[in-house]
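Structural overview for review
Here is how the chains run, residue by residue.
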Amino acid sequence: KQWYQRRVRGIDEKESPRVMKSHNHYIHLNVPEDFKQLRVIHVMRNPKDVLCSLYHHCLSHAPAFDYQGTFEEFVGHFMKGHVAAGNYWDFNLGFLENKEGYNILY
């Protein structure tokens, strides 16, 4: 199921404003027409902050990520987009281009 199908179950019963968070890439939004009125707040963190945070996340969850390298090596992986979260710049570019015309606040 799409993320919004799992998240919106019972949302009509919740008080407004209703908030959902996601780490999905823009291409995975796939919002159907009846959800097009939603408003999206896209937060772009400083890439240096993302890099450090992701590095420590990978180390602290070693069984899941199996990363054993140095920070310097991780920088290279991050710059190439060879990390679990994918390419930082491509991730943000999808939201900045906003090809589907969603109501996005940056």
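Report follows, based on the coordinates. These numbers were taken from a predicted model, which means no experiment stands behind them.

Quick notes on the rules
- Residues numbered from 1 in each chain as written.
- Predicted model: local features only at pLDDT ≥ 70, side-chain atom pairs only at ≥ 80, totals over all residues.
- Heavy atoms only, no water.
- Salt bridge = Lys/Arg side-chain N within 4 Å of Asp/Glu carboxyl O.
- Buried < 20%, exposed > 50% of the residue type's maximum accessible area, 1.4 Å probe, protein only.
- Phe/Tyr/Trp six-rings, centres within 6.5 Å; stacked < 30°, edge-to-face > 60°.
- Helix = DSSP H or I, 4+ residues; strand = E, 2+ residues; numbered from the N terminus.
- Core = buried A, V, L, I, M, F, W, Y, C linked by side-chain atoms within 4.5 Å.
- Contact = heavy atoms within 4.5 Å.

A short note on the pattern of salt bridges
Enumeration according to the criterion identifies two salt bridges in this entry. Linking Asp 49 and Arg 45 is a salt bridge whose minimum nitrogen-to-oxygen distance equals 2.7 Å. What makes Asp 49 partly exposed here is its relative accessible area of 39%. Classification of Arg 45 as partly exposed rests on a relative accessible area of 38%. Lys 99 serves as the salt-bridge partner of Glu 97, at 3.8 Å between the closest nitrogen and oxygen.

Observations regarding the packing of aromatic side chains
Centre distance and the angle of the planes are the two values used to describe a pair of aromatic rings. Summed over all chains, the structure comprises 10 aromatic pairs. Taking the centre distance of 5.1 Å and the plane angle of 80 degrees together, the rings of Tyr 55 and Phe 71 count as edge-to-face. A residue pair is termed long-range when its members are at least 10 positions apart, and Tyr 55 in helix 2 (residues 47-60) and Phe 71 in helix 4 (residues 71-80) qualify at 16 residues. Among the residues examined, Tyr 55 registers a relative accessible area of 11% and is labelled buried. Of the residues examined, Phe 71 reaches a relative accessible area of 28% and is grouped as partly exposed. One aromatic cluster is present, built from ring pairs that chain together Tyr 26, Phe 91, Phe 95 and Tyr 102.

Details of the nonpolar core
One finds Val 50, Leu 51, Leu 54, Tyr 55, Cys 58, Tyr 67, Phe 74, Phe 78, Val 83 and Tyr 88 forming the largest nonpolar core, which totals 10 residues. Only helix 2 and helix 4 provide two or more residues apiece to this core. If you tally residues by element for this core, the top one is helix 2, at five residues. Once residues within four sequence positions are removed from consideration, Val 50 is found in contact with Arg 45, Phe 78 and Tyr 88. Phe 91, Phe 95, Tyr 102 and Ile 104 belong to the second largest nonpolar core, which has eight residues in total.

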